[in-house]
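Working through the structure, step by step
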Amino acid sequence: MAENTEYLKPKTNSQIKNTELLRFTTAGSVDDGKSTLIGRLLYDSKSIFEDQYELIREVSERRGEEGVNLALLTDGLKSEREQGITIDVAYRYFATPKRKFIIADTPGHIQYTRNMVTGASTANVALVLIDARQGVVEQTRRHAIIASLLQIPHLVICINKMDLVGYSEKVYEEIKEDFEGFASKLDVADVHFIPISALNGDNVVNRSTNMAWYEGSTLMYYLENVHIGSDHNLIDARFPIQYVVRPYSDEYHDYRGYAGRVAGGIFKKGDEVMLLPSGFTTKIAKIDTYDGELEEAFPPMSVTVHIEDDYDLSRGDMIVRVNNTPEVTQDLEVMICWFSERPLQPNGKYTIMHTTQEARCVVKDVRYKLDINSLHRNLEDRNIRMNDIARIVLRTTKPLFVDKYYRNRTTGSIILIDEATNNTVGAGMVI
Amino acid sequence: MVNPNEKIPSVEQKMANKKTDYQLSYLKELEAESIFIIREVAAQFEKPVLMFSGGKDSILMTHLAMKAFYPARIPFPLLHVDTGHNFPEAITFRDELVERLGVKLIVGDVQKYIDEGKLVDEKGYSASRNALQIPVLLEELEKGKFDAALGGARRDEEKARAKERFFSHRDEFGQWDPKNQRPELWNLFNGKKNFGEHFRIFPISNWTELDVWQYLHVENVPLPSVYYAHKRVVFERDGVLLAHNEFTPRRPEEELKEMMVRCRTMGDMTCTGVWESDADTMEKIIQEVATTRTTERGARADDKRSETAMEDRKKKGYF
């Protein structure tokens, strides 16, 4: 293949300003070519170093494999390499002149649902692989359902191993139609299909010459150009206070700034705002950073906000816009994914974390368990075990300031912590 | 965009699209994420400490921490485990940085532990004090009653680190259990622990080597001189160039020569390879890093000991 030197040029300062960060998640099993695809993206974008490549070439040879197994690049831990599977979420990085990419690479089997959910929680794009010989299978549906539940804004379906079905347009169209029929039941805004061969590189980075009938973009082109500018909620202004900055120095004697990360909307100097939980209103006096004052702040910026009146705010409080407030409530309906070997305890008490707030809560009810392969609501079996997804009702010890998850992934998400082990046992999305 | 499936945007989406500049650059987004994590540590833990090695990643960490709490001082001390085998330039730089930031510096002195008979130096030509850092680090963390230790490790450095969390739980022996890690979702970080346990925190997990260099350049962050190309007396061992120094015994066949070199990573002189280079400015370094075809840890003799060297050291408490 011709050396693509464009990937090897460092960025100029203006390129740095225009380079965006895109996070995507993949899920898949050993055989559907997921690791090969990731290896291909890294290799063709020159993100694999010679010593890494040399190492996996040696290992492939030692194991008597045919050619260099690019999949070896993504198997991290000793135990994983021994078993030949990925158990955990692994993070991979590559960059092109247009974007920096973070891949959350997760295993695809049902017993790793929790890992898929973890990888999906911060992703802009979900990459779902379909083996062209097999078409839409249970695992495909599961990945798409998780992407939809976690509200990943963009779904790209890679129909892989096209080389093994003679690059047939008919096969591609049939799979596409099949998936679209199923996807109409899901809540996914943007679905895109690409026929590829990860092994041979067709339509991954370089355009395939084997599928003249396909007029869409390559996977890399899609990843570089998909519009992610509106993935954040820029409407509902939400600023959870994370930390109070008080210098205690002579120079900044009266300085009292509220540090945090904008979770939604746009805050401007002079904006009239409401403070939660008190409900008092005031104005934004200034938005401060080390690099100077800002006129406005938007997600996901980390800034320090000052207010005009002398109210005493602390961690867990929230600054919002007057007339656009989150729900202030102690009763939550959430879709929960269970992470722990110890099942969810009906009436059990847990620590709940939401934005920068922490409280305790009790499980009031289990409404139903969701079959992650079919979306069927199981009303009979309410035993929630590891990797199950269920709709539950929680009552918290103090009010939380929540939005529905589909409006805002930051102010609409919670985790539950077991008070005995301190482990994170559940991840929930507010309905 | 080539997306025939795109649905008609809602009014809200249109409003959001109207101004397209509500999008951070990737470096600003990485910075915002790291600052969020660093502030989360100050909020959730009683006694954090920043592990400072003197290298570019820990210099980046101090820069981000300074930004996170500005105009207040960084609300935790720096901890340097000093093997006594550092590049002298790194120690000078460290002391000036501490002065500038107005933070407290704690030094875990490996030599002192050896003198007191608590530790024994490795023997032989490739002896390194890398492994000796672990007990000193753990004892210093215990002595200071630190419950969170911030470090500048990155996931792109090494395959065991690719699975590391931002908030990494350590048991009372300081061990990492890769199979039993807490899931991390959204921006919710669970720092809860039992008495005697602590956390390692890695705010720059998502940065790559090139990201670090680009950022240090854009932000004009000063670095120790050894990162820039300079003349140095070196010798070659196992394909790696090592700086000639009083702590590394040479084999008779290992000849000294003077070359233009620079450090890509900085650890002990005994195990950090230097790199033939004429990159004496930040621009040239970035150019070099962007076109380099080997990993930065490729020059670290400590990682070459076995295929799982890093994973094994991390399980014991290395950061």
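One can find the structure itself at the top, above this paragraph.
What you see is a predicted model, and the numbers here were worked out from it, not measured in a lab. (Residues numbered from 1 in each chain as written. Chains lettered and ligands numbered in written order. Predicted model: local features only at pLDDT ≥ 70, side-chain atom pairs only at ≥ 80, totals over all residues. Heavy atoms only, no water.)

A separate point is the overall build of chain A. The number of helices and strands found in chain A is 8 helices and 22 strands. A burial count over chain A gives 61% of its 431 residues as buried. Sequence separation of 24 or more characterises 70% of the internal contacts of chain A that already satisfy a separation of 6 or more. Just so you have it, chain A exposes about 17400 Å², and 45% of that area is on carbon and sulfur atoms. (Helix = DSSP H or I, 4+ residues; strand = E, 2+ residues; numbered from the N terminus. Buried < 20%, exposed > 50% of the residue type's maximum accessible area, 1.4 Å probe, protein only. Contact = heavy atoms within 4.5 Å. Areas by Shrake-Rupley, 256 points an atom, 1.4 Å probe, with all protein chains shown as cover.)

Bringing the sheet that holds strand S3 (residues 105-109) of chain B into the picture now. Residue and element names in this part refer to chain B. Read across the open sheet, the 6 strands follow the order S3-S2-S1-S4-S6-S5; overall the sheet is mixed. The two strands at the open ends of the sheet, each matched to only one other strand, are S3 and strand S5 (167-170). Along the sheet, successive strands turn relative to each other by an average axial angle of 30°, direction set aside. Relative to strand S4 (residues 148-150), strand S1 (residues 48-51) runs parallel, the two sharing 3 bridges. Directly across from Val49, in S4, lies its bridge partner Ala149. The strands that helix H6 (residues 130-143) touches are S1, strand S2 (78-82), S3, S4 and strand S6 (198-201); relative to S2, the one it contacts most, it runs at about 150°. (Pairing = 2+ DSSP bridges. Axes fitted to C-alpha atoms, helices over the stretch in contact; angles between N-to-C directions.)

All names here are of chain B. Bridging between strand S7 (residues 230-237) and strand S9 (residues 257-263) involves 5 bridges; their strand directions are antiparallel. Residue Lys231 lies in a different strand from S9, and its bridge partner there is Met260. Where S7 lies against strand S8 (residues 240-243), 4 bridges are found, and the strand directions are antiparallel. The partner of Glu236 across the bridge, within S8, is Leu241.

Looking now at a negative patch on the surface. Together, Glu169, Glu173, Glu177, Asp178, Glu180 and Glu215 of chain A make up a region of like negative charge exposed at the surface. Structurally, Glu173 of chain A is set in helix H7 (residues 169-183). (Patch = residues over 30% accessible without salt bridge, like charges linked within 9 Å, V, L, I, M, F, W, Y side chains within 5 Å. Salt bridge = Lys/Arg side-chain N within 4 Å of Asp/Glu carboxyl O. Lys, Arg positive; Asp, Glu negative; His and termini not counted. Charge placed at Lys NZ, Arg CZ, Asp CG, Glu CD.)

For the rest of this paragraph, the subject is the pattern of salt bridges. Where charged atoms of side chains with opposite charge meet at close range, the side chains can pair. Taken as a whole and judged by the stated rule, the model has 48 salt bridges over all chains. The shortest N-O distance in the salt bridge between Arg315 of chain A and Glu40 of chain B comes to 2.7 Å. With one member in each of two chains, Arg315 of chain A in the loop between strand S14 (302-307) and strand S15 (318-321) and Glu40 of chain B in helix H2 (residues 26-44) form a pair that bridges those chains. Through salt bridges with shared partners, one network takes in Asp291 of chain A together with Lys28, Glu31, Lys67 and Glu219 of chain B.

Before going further, it helps to examine H2 of chain B. Compared with the 27 Å implied by 1.5 Å per residue over 19 residues, the 27 Å span of H2 of chain B between its first and last C-alpha is a close match. Across the 19 residues that make up H2 of chain B, a large majority, 16, are buried. (Expected span 1.5 Å × (residues − 1).)

On to unusual backbone geometry, then. Here the amide bond leading from Pro299 of chain A into Pro300 of chain A is cis, since omega sits at -5°, within 30 degrees of zero. Cis geometry marks the peptide bond from Tyr70 of chain B to Pro71 of chain B, where omega comes out at 0°. Along the chain, Pro71 of chain B turns up in the loop between helix H3 (56-69) and S2. Positive phi, normally seen in glycine, also occurs at Asn323 of chain A, with a value near 75°. Looking at the element boundaries, Asn323 of chain A is found in the loop between S15 and strand S16 (327-338). Positive phi, normally seen in glycine, also occurs at Lys145 of chain B, with a value near 55°.

With that out of the way, let us pick up the packing of helix H5 (residues 113-120) of chain A against helix H6 (residues 138-149) of chain A. Residues and elements named next belong to chain A. At a minimum axis distance of 10 Å, the contact between H5 and H6 shows a crossing angle of 45°. What the angle tells us is that H5 and H6 run oblique. With respect to the hand of their crossing, H5 and H6 are arranged in right-handed fashion. Contact with H5, carried on its side by Thr113, Met116, Val117 and Ala120, involves Arg142, His143 and Ile146 of H6 and no other residues of that element. (Parallel < 35°, antiparallel > 145°, perpendicular 65-115°, else oblique. Left-handed = near helix turned anticlockwise from the far one by under 90°.)

This paragraph deals with the nonpolar core. Phe24, Leu150, Leu155 and Phe179 of chain A are the most contacted members of the largest nonpolar core, which totals 75 residues. Of the residues forming this core, the biggest block, 6 residues, is contributed by strand S4 (residues 125-131) of chain A. In contact with Leu150 of chain A, not counting residues within four places along its chain, are Val117, Ala120, Ser121, Tyr405, Arg409 and Met429 of chain A together with Trp186 of chain B. If you look at the next biggest cluster of nonpolar residues, it comprises 72 residues, including Tyr243, Val245 and Tyr255 of chain A together with Phe69 of chain B. (Core = buried A, V, L, I, M, F, W, Y, C linked by side-chain atoms within 4.5 Å.)

Let us now look at the interface of chain B and chain A. At the interface, 83 residues of chain B touch 104 residues of chain A. Note on chain B versus chain A: buried area summed over both sides is about 8000 Å², and carbon and sulfur give 57% of it. Here chain B is connected to chain A by 7 salt bridges. In this structure, Lys100 of chain A and Asp211 of chain B form a salt bridge, with 2.3 Å as the shortest nitrogen-oxygen distance. Inspection of the chain B/chain A interface yields 25 residue pairs in polar contact (both at pLDDT 80 or more). For the side of chain B that touches chain A, the secondary structure elements donating two or more residues are helix H1 (11-18), H2, H3, helix H7 (209-218), helix H8 (282-291) and helix H9 (309-316) of chain B. The element that contributes the greatest number of residues to the side of chain B that touches chain A is H2 of chain B, accounting for 15 residues. Across the side of chain B that touches chain A, the residue classes tally to 34 nonpolar, 22 polar and 27 charged. (Buried area = accessible area lost by both parts, 1.4 Å probe. Polar contact = N/O pair within 3.5 Å; in protein donor to acceptor, adjacent residues only side chain to side chain. Nonpolar A, V, L, I, M, F, W, Y, C, P; charged D, E, K, R; others polar.)

All right, on to the packing of aromatic side chains then. Residues and elements named next belong to chain A. All told, the structure shown has 25 aromatic pairs over all chains when counted by the stated rule. Both rings, one in Tyr172 and one in Trp213, keep their centres 5.3 Å apart while their planes meet at 45°; by these two values the pair is tilted. With Tyr172 in helix H7 and Trp213 in the loop between strand S6 (190-195) and helix H8 (219-225), this residue pair connects regions lying 41 residues apart in the sequence. For Tyr172, a relative accessible area of 5% puts it in the buried group. (Phe/Tyr/Trp six-rings, centres within 6.5 Å; stacked < 30°, edge-to-face > 60°.)

Let us now look at the sheet that holds S7 of chain B. All names here are of chain B. Strand order in the closed barrel formed by 4 strands is S7-S8-S10-S9, with antiparallel pairing between adjacent strands. Pairwise comparison of adjacent strand axes, ignoring direction, gives a mean angle of 70° for this sheet. When S9 meets strand S10 (residues 273-276), the two strands line up antiparallel, connected through 3 bridges. Counterpart to Arg262 in the pairing with S10 is Trp275.

On to H6 of chain A, then. Residue and element names in this part refer to chain A. Its 12 residues place the ends of H6 16 Å apart at the C-alpha level, agreeing with the 16 Å of an ideal helix rising 1.5 Å per residue. Burial runs high along H6: 10 of the 12 residues are buried. Among all positions in H6, only Gln139, Thr140, Arg142, His143, Ala144, Ile145, Ile146, Ala147, Ser148 and Leu149 are buried. Gln151 sits one or two residues past H6 and shows a positive phi near 55°.

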